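Descriptive analysis of the structure
Take a look at the letters that make up each chain.
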Amino acid sequence: MDAVPDAAIRALTPSQLAFLEHLPKVELHAHLNGSIPLPLLRDLAREYASSPDAATTTSDDILAGVQRLQAGEAFTDIDDIFSVFPAIHALTSTPASLKRATGAVLSHFLDPPTSDSTYGSVASVAYIELRTTPRATPHMSRRVYLETVLDEIEARAPDAAALIVSLDRRMTPDVAQEVLALAVQLRREGRRVVGVDLCGDPRAGDMTAFVGLFRTARAEGLGVTLHIAETSGNSTAESKELLSCEPERLGHATYLDEEAREVVLARRTCIEICLTSNLSCKTVQQLQDHHIRHYLARNHPIAISTDDILPFRTSILGEYALLLAPKPVGLGLTESEVEAVARMGMESRFRNTLS
Ligand code: 6MZ
């Protein structure tokens, strides 16, 4: 069966496709290591196989994970998706490979529209906030990790790209504290850090320990976006706690209860919507049931985003095609409705640049 965004792109008329290609779009929810274009992943995997690291880590698991990504295998659920990230991380554990990965992700999103053998039609975005979780590896510290990504962002796309520093739910309090301090310091040094994110396995961690950090981030002028209620297992108490940090944006927000939704609506908190991701992770069963409908009906700010183009085999064009294509392949929005959605994304960028 076709991947859902591919079918939506094919269901468009030539004039609708041209409309989407020229529509000014932003990407606000893309994880660096989930967004590596497949051709580069192949090169990195080949080089990894003959590197000294392959002899010291569980390289069979890593190569099996990479093979799954190369084959474009469907993932069974969100657990399955999370099982593949360690393989990708093994391939970007040196400053050189991380720099190449960052450059390739920026090119994928920002270079002029092309036709690409892996993703079909590819449309570029006018602006991207790329997010990543700094890892300490045998080859670099967390600070060097972030500097490597920032060097690439600032060299290639100083006006069209910025960094969101991710805190992973699985981090120990000490590491989370260190990562927040790095985000604050780098921003004070004038680097292109615009915000912080909470991401990672939605079932892991105790969020009580993180709330204070996100309040500090806000006080420091950083934008805050939190993955929230991504699965039915995320409790209402947890969502309430995360909302108490008053984040400007939320990732997924699939299972917010009525009370939390009222808070979000009243505050006009932007919801980052990743349609294909939610369908692939099976946190949403069918496109027509997606919680985007709730926000569209209320003209509430949303930002259409890809999440992880590598495992989900999607693109920003594919995500917009899902809005515009007729039902049941897409949501059947009109061009002017899609234009209004794209504008909401543009207006939801973090604007806290240092003066
Ligand atoms: C939550 C996700 C995610 O940070 O190494 N990540 N976190 N929900 C999701 N929904 C599918 N998709 C990706 O990119 C990979 C990391 O992003 C987070 C995971 O923590 C993953 O390890 P970086 O660049």
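About the criteria used
- Residue positions are given per chain, counting from 1 as you read along its sequence in written order.
- Local features are withheld for residues below a pLDDT of 70 in this predicted model, meaning they are given only at 70 or higher, and side-chain atom pairs are given and counted only at 80 or more; totals for whole chains, interfaces and linings count all residues.
- UniProt positions are given in the numbering used here, feature names are shortened, and annotations may be inferred rather than shown by experiment.
- We count a stretch as a helix when DSSP gives it H or I for four or more residues in a row; a strand needs E for two or more, and each element gets its number in order from the N terminus.
- Within these notes, the globule rule equals 2.2 Å times the number of residues to the 0.38 power, and the radius of gyration is based on C-alpha atoms.
- Field definition: a residue is buried when 20 or more other C-beta atoms are found within 10 Å of its C-beta, exposed when 12 or fewer are, and partly exposed for counts in between, with C-beta atoms placed from the backbone.
- Residues are scored as being in contact if the C-beta atoms we place from backbone atoms lie within 7 Å.
- We call a residue near a molecule or strand when the C-beta position, derived from backbone atoms, sits within 6 Å of it.
- Each residue is assigned to one of three groups, with Ala, Val, Leu, Ile, Met, Phe, Trp, Tyr, Cys and Pro labelled nonpolar, Asp, Glu, Lys and Arg labelled charged, and all others, Gly among them, labelled polar.
- What we call a nonpolar core is a set of buried Ala, Val, Leu, Ile, Met, Phe, Trp, Tyr and Cys residues whose membership is set by joining through C-beta atoms within 7 Å.
- Two strands form a pair only when DSSP identifies at least two bridges running between them.
- When the strands point away from the viewer and the connection leading from the first strand across the helix to the second strand turns clockwise, the crossover is called right-handed.
- Axes, fitted as lines to C-alpha atoms, cover a helix only where it is in contact. Angles between the N-to-C directions of the axes lie from 0 to 180 degrees.
- An angle below 35 degrees is read as roughly parallel, one above 145 as roughly antiparallel, one from 65 to 115 as roughly perpendicular, and any other as oblique.
- Each crossing gets its handedness from the near helix: less than a right angle anticlockwise from the far helix is left-handed, clockwise is right-handed.

- An unreviewed UniProt entry lists the protein chain under the name Adenosine deaminase-like protein, with Russula ochroleuca as the source organism.
- As its UniProt record puts it under Cofactor (unreviewed entry), the protein chain is described as follows: "Zn(2+)".
- Taken from UniProt, the Sequence similarities (unreviewed entry) comment for the protein chain reads in full: "Belongs to the metallo-dependent hydrolases superfamily. Adenosine and AMP deaminases family."

Notes on the overall build of the protein chain
- Scanning the protein chain from N- to C-terminus turns up 18 helices and ten strands.
- A compact globule built from 355 residues should have a C-alpha radius of gyration of about 20 Å, and the protein chain, at 19 Å, falls within 12% of that.
- Considering only C-alpha atoms, the protein chain reaches an extent of 50 × 45 × 40 Å along its principal axes.
- Considering the protein chain as a whole, with its 355 residues, one finds that 48% of them fall into the buried category.
- Contacts in the protein chain between residues at least 24 apart in sequence constitute 74% of all its contacts with a sequence separation of at least 6.

Concerning the site of the ligand
- In the vicinity of the ligand there are 18 residues, among which H31, L32, N33, T132 and T133 approach most closely.
- Partitioned by chemical class, the residues of the shell around the ligand number five nonpolar, nine polar and four charged.

Some details on the nonpolar core
- One finds L163, V196, Y320 and A321 to be the most contacted residues of the largest nonpolar core, which totals 105 residues.
- The element that contributes the greatest number of residues to this core is helix α17 (residues 316-324), accounting for seven residues.
- Not counting residues within four places of it along the chain, the set of residues in contact with Y320 comprises L20, L23, K25, I304 and V338.

Digging into the pairing of strand β7 (residues 223-228)
- Among the six residues that make up β7, six are buried, leaving the element largely enclosed by the rest of the structure.
- Of the two faces of β7, the one lined by G223, T225 and H227 and the one lined by V224, L226 and I228 are each fully buried.
- As defined by bridge partners, strand β6 (residues 193-199) adjoins β7 across four bridges and the pair is classed as parallel. Bridge assignment links V196 to a residue of β7, and that residue is V224.
- Following the backbone out of β6, through helix α11 (residues 208-219) and into the adjacent parallel β7, one traces a crossover that is right-handed.
- Sheet topology note: the β7/strand β8 (residues 249-252) ladder contains four bridges and is parallel. If you follow L226 over to β8, its bridge partner there is L250.
- Considered for its hand, the β-α-β crossover made up of β7, helix α12 (residues 236-243) and β8 is right-handed.

Things to note about the sheet that holds strand β9 (residues 270-273)
- An order of β1-β4-β5-β6-β7-β8-β9-β10 is seen for the eight strands of this open sheet, with the pairing classed as parallel. In this open sheet, the two strands that pair with only one neighbour each are β1 (26-31) and β10 (302-304). The mean angle between the axes of side-by-side strands here comes to 25 degrees, regardless of whether they run parallel or antiparallel.
- Pairing between strand β4 (residues 127-132) and strand β5 (residues 161-168): five bridges, direction parallel. Bridge pairing in β5 places R131 opposite I164.
- Along the sheet, helix α8 (residues 95-110) makes contact with β1, β4 and β5, crossing β4 at roughly 150 degrees.

With respect to the packing of helix α2 (residues 14-22) against α17
- At a minimum axis separation of 10 Å, α2 and α17 run at an interaxial angle of 130 degrees. Put simply, α2 runs oblique to α17. Here the hand of the crossing between α2 and α17 comes out right-handed. Residues Q16, L20 and E21 of α2 form the contact with α17, whose own contacting residues are L317, Y320, A321 and L324.
- A breakdown of the residues in the contact of α2 with α17 according to their chemical character gives five nonpolar, one polar and one charged.

Quick word on the environment of R135
- Mapped onto the secondary structure, R135 falls in the loop between β4 and α9 (142-156).
- Accessibility expressed as a C-beta count within 10 Å gives 17 for R135, which makes it partly exposed.
- Along the backbone, R135 and L41 are 94 residues apart, and their C-alpha atoms lie at a distance of 18 Å.
- Apart from residues no more than four positions distant in its own chain, R135 is found in contact with H89, R142 and Y145.

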